[in-house]
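Chain by chain, the residues:
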Amino acid sequence: MSMRILPLNNISFKSNNVQAKESEKSPEEKSKGLSNSAKLGIGLLGSAALGVATYYIFKGKNLSGTTKSNINVEQVINNTLSSLKSDIEDLSSKYVKKLPNGGYKVKYSTPVQENKDVLQDVLLFDNAGNLQKRIISKFDAKEKSITHKLYKGTPEQIIEKPNDIDPDYLIKEVTVENFKPFIHDTLERNIIVNRNDNSQVQYQDYFRNAKLYERFVYNEKLNNQSAAEVTRYNYAYENGNYIATAKQSVYKDGHQHGVYKDGKFEVFPMYIRKKGDQKFSELKDAYSADSLRDFDSTFDPYNL
């Protein structure tokens, strides 16, 4: 199955010292600072949990959508991405997120590995599919620092290789010293656990402090990928002991996270089962992994 849905907050960051340096711009431009969407892309000071419920990975696929207008937006975005020049060599996988303003955030990155440099390339598009901003981040493992560079301009001006982008389009540069990724939060992927001629089941498990806190289960028909189902499980702990499981469909019947009814989008319901219970019961107070953690902090992996 080509689609993989990954919660971004599995890669989190800490910092003790922040130094910011802006490019030579007019006072008016400097006073604007970073927009909300740019802050979303940069994620300074550990704000890496950016809307788990709407994050996807596509392996060489176009953006998802069914309406004619969505298809036109996809074409504009994918045309831009096809011309992107990046220091990240493997651009076959990308994270795509639909933003609240109707635009899109697309992120490419190298794997996060201990004592290794990490590159991240983020592109922010408006609701018409036009590239608005590009954020290039580099973590220097030797210097233990990370630098974010925010560029703004036309697609032709900012899709070049980072070193080839005209410095006039550099809006802001931020350097974070003593930067430490949480390498302890690891992903273990058990690829095929059950497979026959027509179907297979795959798992993606996420751990913090050696405890499983999130799992994605992919059930797919090998001869009919549109029949695939993806379920997310979240696990709650109290005083280090397991106490409950929550589950929610995040992809089924060709729909991601929910369906439209009567002109409104209804997310797939979430269910919870406490330790000792035999069945799951519907949870009315949560609709995503983030809202679940807000509703019940025992599901928050940062509390482990």
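Counting restarts for each chain: residues are numbered from 1 in the order of the written sequence. Whole-chain, interface and lining totals are the exception, using all residues; otherwise, since this is a predicted model, local features are given only for residues with pLDDT of at least 70 and side-chain atom pairs are given and counted only at 80 or more. With hydrogens and water set aside, each side-chain value is computed from the structure's full complement of heavy atoms.

1. Structural notes on the overall build of the chain
Next, step 1: Secondary structure elements follow DSSP: runs of H or I of four or more residues count as helices, runs of E of two or more count as strands, with numbering from the N terminus. When helices and strands are tallied, the chain shows five helices and 20 strands.
Next, step 2: Buried positions account for 41% of the 304 residues belonging to the chain.
Next, step 3: Across the chain, the fraction of contacts at a sequence separation of at least 24, relative to all contacts at a separation of at least 6, is 50%.
Next, step 4: For the area figures, the Shrake-Rupley method with a 1.4 Å probe applies, and any residue is considered shielded solely by the protein chains shown. If you sum the accessible surface of the chain, you get close to 16,600 Å²; carbon and sulfur atoms cover 44% of it. Relative accessibility decides the category of a residue: with a 1.4 Å probe and only protein chains considered, values under 20% of the type maximum give buried, values over 50% give exposed, and everything between is partly exposed. In this analysis, two residues are considered to be in contact whenever any of their non-hydrogen atoms come within 4.5 Å of each other.

2. Observations concerning unusual backbone geometry
Next, step 1: One non-glycine residue, Asp 253, lies in positive phi territory at about 55°.
Next, step 2: One non-glycine residue, Asp 262, lies in the positive phi region at around 55°.
Next, step 3: Residue Asp 262 is classed as exposed on the basis of its relative accessible area, which comes to 80%.

3. Concerning the environment of Tyr 242
Next, step 1: Among the structural elements, Tyr 242 can be located in strand S15 (residues 241-252).
Next, step 2: When near neighbours in sequence (up to four residues on either side) are disregarded, Tyr 242 contacts Tyr 235, Ala 236, Tyr 237, Arg 273 and Lys 275.
Next, step 3: Among the polar contacts listed, one links the side chain of Tyr 242 to the side chain of Thr 245, at a separation of 2.6 Å. Any pair of N or O atoms that falls within 3.5 Å is considered a polar contact. Within protein, one atom must be able to donate a hydrogen and the other to accept it, and sequence-neighbouring residues count only if both atoms are side-chain atoms.

4. Some points on the nonpolar core
Next, step 1: Counting 18 residues, the largest nonpolar core has Leu 81, Tyr 108, Leu 123 and Phe 125 as the members making the most contacts within it.
Next, step 2: Of all the secondary structure elements, the ones that give two or more residues to this core are helix H3 (68-82), strand S5 (104-109), strand S6 (118-125) and strand S7 (131-140).
Next, step 3: If sequence neighbours within four positions are ignored, Leu 123 has contacts with Leu 81, Leu 84, Tyr 104, Lys 105, Val 106, Tyr 108, Leu 131, Lys 133 and Arg 134.
Next, step 4: Put simply, a nonpolar core is a bunch of buried Ala, Val, Leu, Ile, Met, Phe, Trp, Tyr and Cys residues held in one set by side-chain atoms that sit within 4.5 Å of each other. If you look at the next biggest cluster of nonpolar residues, it comprises nine residues, including Ala 246, Met 270, Leu 283 and Leu 292.

5. Observations concerning the pattern of salt bridges
Next, step 1: What counts as a salt bridge is simple: a side-chain nitrogen of Lys or Arg found within 4 Å of a carboxyl oxygen of Asp or Glu. Taken as a whole and assessed by the stated rule, the structure comprises six salt bridges.
Next, step 2: One salt bridge in this structure joins Asp 290 and Arg 293, with 3.9 Å as the shortest N-O distance. Taken together, the residues span about one helical turn, with Asp 290 and Arg 293 both in helix H5 (residues 289-295) at a distance of three residues.
Next, step 3: Each of Glu 214, Asp 290 and Arg 293 takes part in salt bridges that share partners, so that together they form one network.

6. Observations concerning the confidence of the model for the chain
Next, step 1: For every residue, the pLDDT score states the predictor's confidence, bounded by 0 at the bottom and 100 at the top. Taken residue by residue, the chain gives an average pLDDT of 74. The fraction at 70 or more is 69%.
Next, step 2: Low pLDDT, under 50, characterises residues 1-62; the predicted model gives this stretch 162 contacts beyond four residues in sequence or across chains.

7. With respect to the packing of aromatic side chains
Next, step 1: Here a Phe, Tyr or Trp ring, Trp counted by its six-membered ring, pairs with any other such ring whose centre lies within 6.5 Å, and the pair is stacked when the planes are under 30 degrees apart, edge-to-face when over 60, and tilted otherwise. For the structure shown, the criterion picks out three aromatic pairs.
Next, step 2: Both rings, one in Tyr 206 and one in Phe 216, keep their centres 6.3 Å apart while their planes meet at 80°; by these two values the pair is edge-to-face. Of this pair, Tyr 206 sits in strand S12 (residues 199-208) while Phe 216 is found in strand S13 (residues 211-221), placing the two residues 10 residues apart along the sequence.
Next, step 3: A relative accessible area of 1% places Phe 216 in the buried class.

8. So, the pairing of S5
Next, step 1: Within S5, five of the six residues are buried, which leaves it mostly tucked inside the rest of the structure.
Next, step 2: Strand pairing is assigned whenever DSSP detects at least two bridges linking the two strands. By the bridge criterion, four bridges tie strand S4 (residues 93-98) to S5 in an arrangement that is antiparallel. Within S5, the residue paired with Lys 97 across the bridge is Lys 105.
Next, step 3: Remark: five residues form the turn of the hairpin made by S4 and S5, two consecutive strands paired antiparallel; Gly 102 in that turn has positive phi of roughly 95°.

9. Quick look at the pairing of S6
The two faces of the sheet receive side chains in turn, since in a regular strand these alternate between them.
Next, step 1: Of all eight residues making up S6, seven are buried, and the element is well covered by its neighbours.
Next, step 2: Here S5 pairs with S6 via six bridges, running antiparallel. The partner of Lys 107 across the bridge, within S6, is Val 122.
Next, step 3: Here eight bridges tie S6 to S7, and the two strands are oriented antiparallel to one another. Paired with Phe 125 across the strands is Leu 131, a residue of S7.
Next, step 4: Where S6 hands over to S7, the hairpin turn is made up of five residues, of which Gly 129 adopts a positive phi near 90°.

10. Some points on a nonpolar patch on the surface
Next, step 1: Patch membership needs two things, relative accessible area over 30% and no salt bridge, and members are linked within 9 Å if like-charged or within 5 Å if nonpolar (Val, Leu, Ile, Met, Phe, Trp, Tyr). On the surface, Tyr 260, Phe 265, Val 267 and Tyr 287 cluster together into a nonpolar patch covering about 470 Å² of accessible area.
Next, step 2: Within the element layout of this structure, Val 267 appears in strand S18 (residues 264-267).
Next, step 3: Judged by relative accessible area, Val 267 falls into the partly exposed class, the value being 36%.

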